Amino acid sequence: MIGIGVIGYGYWGPNLVRNFMQAAGGRVIAVSDLRPERLARINEQYPTIMATTNFREVIQHPQVDAVVIATPVTTHYELAFQALRAGKHVLVEKPLTATSGQGMSLIEEANRRGLVLMVDHTFVYTGAVRKAQELIASNSLGDLYYYDSVRVNLGLFQHDVNVIWDLAVHDLAIMDYLLALRPHAVSATGMSHVPGGPENIAYLTLFFDGNLIAHIHVNWLAPVKVRRTLIGGSQKMVVYDDIEPSEKIKVYDKGITVKNGPESLYRMLIGYRTGDMWAPQLEIAEALQVEALHFLDCIENGKQPITNGESGLRVVNILEAATQSISARGQLVHIYPGRLAA
Ligand SMILES: NC(=O)c1ccc[n+]([C@@H]2O[C@H](COP(=O)([O-])OP(=O)(O)OC[C@H]3O[C@@H](n4cnc5c(N)ncnc54)[C@H](O)[C@@H]3O)[C@@H](O)[C@H]2O)c1
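Keep in mind the model is a prediction, meaning the values are calculated, not measured.

Chemist: Can you walk me through the packing of aromatic side chains in this structure?
Modeler: Aromatic rings considered in pairs are described by the distance between their centres and by the relative angle of their planes. Counted under the stated rule, the structure contains 4 aromatic pairs. Measuring from centroid to centroid gives 5.2 Å for Phe157 and Trp220, while their planes differ by 45 degrees, and the two rings are tilted. Taken together, the residues span a long stretch of sequence, with Phe157 in the loop between strand 7 (144-154) and helix 7 (163-178) and Trp220 in the loop between strand 10 (213-219) and strand 11 (221-233) at a distance of 63 residues.

Following this line, the structure appears as structure tokens:
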């Protein structure tokens, strides 16, 4: 039985506690939050869990083998680093850290101590994203042309990060899992509509080798909730609508064919192909349950998580580059592994 300690019991922490309580092979031993009213909830819901305002009591607890961190982004590094130094495996909320330097430091510390470091890129563990990955990996879509996502709603304004560190991180994590290629440059624009507040709307364009392109549109100030991604390939196209209750993934056998015209070698003829649409069956298990079991399995069997520290760092690299680009009003910023250059 692997003992779990959770730091942060605000909005997301309770989902993690519930899922680790339900996961075979794991047991939540201790939870910490700075707010006593959140701890009162723990005592009410789970009287067997130790609740404390002091995170050190979680990290140092002898029955805690792994620490799950669900606190604001700017605190991830310090808490994760201290947990690793205490010899505990770590699952940290997205995004891994607030800077790429911090991300590299966590990876080094985890490697040095032979500990599991995993980041909660939740969507990677959904049936929908796993199905999209199967379709792409089996080459059903053909050559990939674009990834185009809209993730907007009247969202909770965060204080310590802007909208890309809160919402675009989901798309970057999904792309990191789905695509064989990594983006090499980003151009991003964004705006704040709250005086002194972080950007609440942003547009990111990501460039890859070849003709693959990605666009991500995120917004905390939209009147409706949209979570829709189009993935276009030369053979088929996927529409992934996370708001749909069951048919979240639809595969369209649509596309174009390009031929030279008979009268001139240089005149292209575009033909349109419209075939069937189908909605594949998806696994319905809760993503966080799949993820909790994966984390426990990695600890038990010394495996690397699908969303390991490196994947968390790749996402932070892009977020940093995009932040730099927003400050320069959309200037193209190159993305290098582990460091940045304009
Ligand atoms: N994976 C997802 O889909 C998803 C969804 C929402 C939030 N998140 C992530 O979860 C993290 C937390 O977000 P949230 O919305 O729950 O924030 P929140 O503000 O609602 O909760 C954070 C909690 O952490 C506590 N805290 C802060 N510092 C602490 C410390 N040193 N010791 C103990 N407790 C401490 C705060 O008191 C607060 O209750 C963020 O990294 C966010 O990006 C992920």
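Now that the structure has been shown, we can carry on.
Chemist: I tried to follow the site of the ligand on my own but got confused; where do I start?
Modeler: Near the ligand, the surroundings consist of 18 residues, among which Trp12, Asp33, Arg35, Lys94 and Thr122 are the closest. Separating an oxygen atom of the ligand from a side-chain N or O atom of Asp33 is a distance of 2.6 Å. For the ligand, an oxygen atom lies 2.8 Å from a polar atom in the backbone of Lys94. Within the complex, 84% of the 850 Å² of free accessible area of the ligand lies under protein. Taken together, the residues that form the shell around the ligand break down as 6 nonpolar, 7 polar and 5 charged.

Chemist: Just checking my understanding: could you explain the sheet that holds strand 3 (residues 50-52) for this structure?
Modeler: Reading across from one edge, 3-2-1-4-5-6 is the order of the 6 strands in this open sheet, with parallel pairing throughout. If you trace the sheet from one side to the other, it starts and ends with strand 3 and strand 6 (117-120), each paired once. Strand-to-strand twist in this sheet, taken as the mean axis angle between neighbours without regard to direction, amounts to 20 degrees. Taken together, the 3 bridges between strand 2 (residues 26-32) and strand 3 define a ladder with parallel strand orientation. Counterpart to Ser32 in the pairing with strand 3 is Thr52. Against the sheet, helix 4 (residues 76-85) engages strand 1 (2-7), strand 4 (66-69) and strand 5 (89-93), with an angle of about 170 degrees to strand 5.

So, how was this worked out
Residues numbered from 1 in each chain as written. Predicted model: local features only at pLDDT ≥ 70, side-chain atom pairs only at ≥ 80, totals over all residues. Heavy atoms only, no water. Phe/Tyr/Trp six-rings, centres within 6.5 Å; stacked < 30°, edge-to-face > 60°. Helix = DSSP H or I, 4+ residues; strand = E, 2+ residues; numbered from the N terminus. Near = heavy atom within 4 Å. Polar contact = N/O pair within 3.5 Å; in protein donor to acceptor, adjacent residues only side chain to side chain. Areas by Shrake-Rupley, 256 points an atom, 1.4 Å probe, with all protein chains shown as cover. Nonpolar A, V, L, I, M, F, W, Y, C, P; charged D, E, K, R; others polar. Pairing = 2+ DSSP bridges. Axes fitted to C-alpha atoms, helices over the stretch in contact; angles between N-to-C directions. Contact = heavy atoms within 4.5 Å.

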